[in-house]
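In case you want the letters, here they are:
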Amino acid sequence: MRRLLALATVVAMVGISAVTLQSLVVPALWLGRTLVCGGAAMLVTTLLRTRTRSAGLPSLLGLVTGLLAITAVYFPDDALLGVLPTQSTIRSVVELVPPTLEQMRTSYPPIGTGDGVALLVTAGVLLVLVLAEMLAIGAWAPAWSGLPVLGLWCVPIMLGAPVSTPVLVLAAAAYVLLIAVQARDDTRYRRRPSAASAAATAAVTVTALVAAFALAPTLLRVPVPVRWHPIYELVGSSTTRLDLGLGLRDDLLRSTDSDLFTWTGAEPEQVGPLHAYTVDTFDGSSWSRPDRGELVPFEGQLLWPTPTDGLPSGDPVDIRISVQHLGQDRLLLPGEPRLLDLDTGADYLAAADEVVAHVGGAITYGVRIVPRELDGDRLASLRPPDDVPAELLALPETGYESDIAEVARDVVAEAGAETPYEQLLAIQNYLRDPARFVYSTSVAAPSTPDAVWDFLNDRHGYCVQFATAMVVMARTLGFPARLAVGFLPGEAGSDGVVAVTSHDAHAWPQVLFDDVGWVRFEPTPGVQAGPPPEYAPEQPTAATTEPTTSATSTQPTAGRSEATTTTGGQAPATEETSGGAPWLLVLALLVLAAVGASALATRRARRSPDLRERWDHVLHHLARLGVDVSPTRTPRAVAREAAELIDDDGAAALLRLAGAVETFSYAPRGTALPDDAELTGWLDAALSSARAAHREQRRDRVGV
């Protein structure tokens, strides 16, 4: 009975761990077939475990059964009787490997097609399952069974893919349960270890730790066949794999500028940017791409994610794109309805407006652009649709959503914008204003959990910061928006050929409107992005006035290098030099220093974990009311001045909060502070009153 329970626990542990692969490969591609093959292997293993005392035979025959099941599932036409592998089966496997590795190298996770990818996942899970079972039950070493299971976790972790915390907890719980189930009752295993075995264990442990520290930097540089793209795409300059950051905390790192692809047939302003991907999930600091929608085979149809019936269009524009090395499985597309002239098969993902073509290498294809007739008058008459996917309106829960929303409202109020189009245009031109924001390839160190809020305060960044800020600000106003990632249209040469280089990588926002679909805006300053679309003109910067309640620039900006507006040049070298033993000594000293500093900081932080941050948040809102919040003033003096501008309940809460801040800052160690619930209540009351007073001030200014 115990063996059956242990076997069930092993299956659960491996099955839960396999869920981590869903961020790399769509589950529908491999899950069903993997369940069949793994189930067949475990069924045979279970039957043999109940009938033999052999440690390895059940696992071995279970593995053979699993391989036969893989043959039946993946290669039935090449197998004898549909089950037994033959030379033809082996040949099919060998032929499948190169295109599978190429697909993994050029695909953007999660991969949704390809029997070769599914085969690799199934074979890997089967091998881990058999090894874990053999160690936990056959060898009666349940603790060691976690080693092969760790391989399933290493794949997404080494590729930088997100890993679910609940899944990790469940897998760990199954592992602990397995150890408990397989614990031996024999008294021989309860005796104290000898001095020699204890010394050997200590030596092995120390050796393993030293080896881990020494080998980790080398292992992290080992190339992998598939690249995960959640933060940035740092690749060779000869492919179209995007040299562009999608994490707002990262500086823009660039390789040497070089030509990536060319196109002919029109002027750059007729075509506009060409996107490869769109992303819609933002967590406050970086973008990610969940599985979105169904792939539809391309069969010559007009490609556009929304209906085009009755949509006014202009004269078609024909271009031909030649890519020297397509670095991903997505083709480059203009942001208008289009027809493709392809010599290879492709699929269309309408939800993301992406075309998937597993070609790799060089490719040339034609595009007939059917431009929509968009102008300010037409867009001003349209509204965003009411029924949209929730992710297009989702805001990250960082605690600064309401602050960003208030900035957005202030921007549109200052511009006198009424229609959705006018409000979006106001946000675009607010961000493009060089008197307010500076294009820079370096970003400031984080000040808050929200990268957009930090950007609105620091006001330095590149296209990802500008575009993300507009997407989030648009969402706070109820407008469905997402981020497109691709390339600027490039520059035309004297022969009419337009060349696009690696430094033309770009990101921009798209907003969904009724009738016309996705509409591009361009908040990145013209120094990098060029002029905005004709239907979204810039306002003269001479008339610029600062919104009275916009994010201030008083946040810390330390850590940002000199702003630069250059688009060429070599990225700084990032290779590290290793000194062997001195490197390990320095690392050990740093670890000890960090532990000591953490201990000291923890003692102080236990008195009030985030009271300073809360008070800074309050000061930001009081500054908007005109209160002097300079560092030379005490919290109580600031609170007394602010009490004259807000209601009585808010003033009382603010004075109590100021008193707690002074106690925290100046009182002797050990002095009692109010509990967290009480502090939160004072904070909420003070912020609510300050915001209400600020809204009243704004109404008074505009005469409402």
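Up top is the structure.
Residues numbered from 1 in each chain as written. Predicted model: local features only at pLDDT ≥ 70, side-chain atom pairs only at ≥ 80, totals over all residues. Heavy atoms only, no water.

J.: I'm lost on the overall build of the protein chain in this one. Help?
T.: Looking only at helices and strands, the protein chain has 20 helices and 18 strands in total. Across the 704 residues that make up the protein chain, the buried fraction comes to 45%. The long-range share in the protein chain, meaning contacts at least 24 apart out of those at least 6 apart in sequence, stands at 74%. Surface exposure of the protein chain reaches about 33,500 Å², of which carbon and sulfur atoms provide 60%. (Helix = DSSP H or I, 4+ residues; strand = E, 2+ residues; numbered from the N terminus. Buried < 20%, exposed > 50% of the residue type's maximum accessible area, 1.4 Å probe, protein only. Contact = heavy atoms within 4.5 Å. Areas by Shrake-Rupley, 256 points an atom, 1.4 Å probe, with all protein chains shown as cover.)

J.: Mind showing me how you'd approach the nonpolar core here?
T.: Soluble globular proteins tend to bury their nonpolar side chains together. L431, L456, M473 and F521 are the most contacted members of the largest nonpolar core, which totals 51 residues. Examining the composition of this core, we find that ten residues originate from one element, helix α14 (residues 463–476), more than from any other. Core analysis: the next-biggest nonpolar cluster, separate from the first, contains 40 residues, W30, I70, I137 and W153 among them. (Core = buried A, V, L, I, M, F, W, Y, C linked by side-chain atoms within 4.5 Å.)

J.: Looking at this model, I keep getting lost on the sheet that holds strand β14 (residues 481–487). Mind explaining?
T.: Sheet architecture is open: five strands sit in the order β7-β2-β14-β17-β18, paired in antiparallel fashion. At either end of the open sheet lies a strand with only one pairing partner, and these are β7 (333–334) and β18 (517–520). By the bridge criterion, five bridges tie strand β2 (residues 274–279) to β14 in an arrangement that is antiparallel. Looking at the pairing, H275 lines up with G486 of β14. (Pairing = 2+ DSSP bridges.)

J.: For this particular structure, what's the right way to read the packing of aromatic side chains?
T.: Each aromatic ring pair is specified by the distance between its two centres and by the angle formed by the two planes. Tallied over the full model, the rule gives seven aromatic pairs. Residues F282 and W287 carry aromatic rings whose centres are separated by 5.0 Å and whose planes lie at 40° to one another, so their mutual orientation is tilted. Among the residues examined, W287 registers a relative accessible area of 1% and is labelled buried. A centroid spacing of 6.0 Å and a plane angle of 70° characterise the contact between F437 and F466, whose relative ring orientation is edge-to-face. Here the residue F437 occupies a position in the loop between α12 (420–432) and β12 (438–439), and F466 occupies one in helix α14, the gap between them amounting to 29 residues. Of the two residues, F437 and F466, both sit in the buried class. Three or more aromatic residues joined by ring pairs form one cluster here, namely Y430, F437, F455 and F466. (Phe/Tyr/Trp six-rings, centres within 6.5 Å; stacked < 30°, edge-to-face > 60°.)

J.: I'm lost on unusual backbone geometry in this one. Help?
T.: If a residue is not glycine, its phi is most likely negative; likewise, a peptide bond is most likely trans. The backbone of L81 sits at a positive phi, close to 60°, despite the residue not being glycine. As for its position among the elements, L81 is in the loop between α3 (57–74) and α4 (87–106). The phi dihedral of D515 falls on the positive side, at around 70°, and the residue is not glycine. Residue placement: D515 occurs in the loop between β17 (505–513) and β18.

J.: Mind showing me how you'd approach the sheet that holds strand β11 (residues 361–369) here?
T.: Strand pairing in a sheet relies on backbone hydrogen bonds, with the paired strands running either antiparallel or parallel. The sheet built from six strands is open, its strands ordered β8-β11-β6-β1-β16-β15 with antiparallel pairing. A single partner strand is all that each edge strand has here, and the edge strands are β8 (338–341) and β15 (491–492). Sheet topology places β15 next to strand β16 (residues 498–501); two bridges connect them, and they run antiparallel. Along β16, the bridge assignment pairs E491 with A499.

J.: Is there a simple way to explain the environment of I427 in this structure?
T.: Note on placement: I427 falls in helix α12. Excluding its chain neighbours within four sequence positions, the residues that come into contact with I427 are V411, V412, M470, M473, A474 and L477.

J.: Sorry, what's going on with the side chain of T501 here?
T.: Its place among the elements puts T501 in strand β16. Leaving out residues up to four positions away in the same chain, T501 has contacts with D257, S258, D259, L260 and F487.

J.: Looking at this structure, how should I read the environment of V388?
T.: Positionally, V388 belongs in the loop between α10 (376–380) and α11 (401–415). Along the primary structure V388 and F479 are separated by 91 residues, whereas in three dimensions their C-alpha atoms are 9.8 Å apart. Excluding its chain neighbours within four sequence positions, the residues that come into contact with V388 are L393, P480 and L512.

What is shown is where atoms sit, not what they do.
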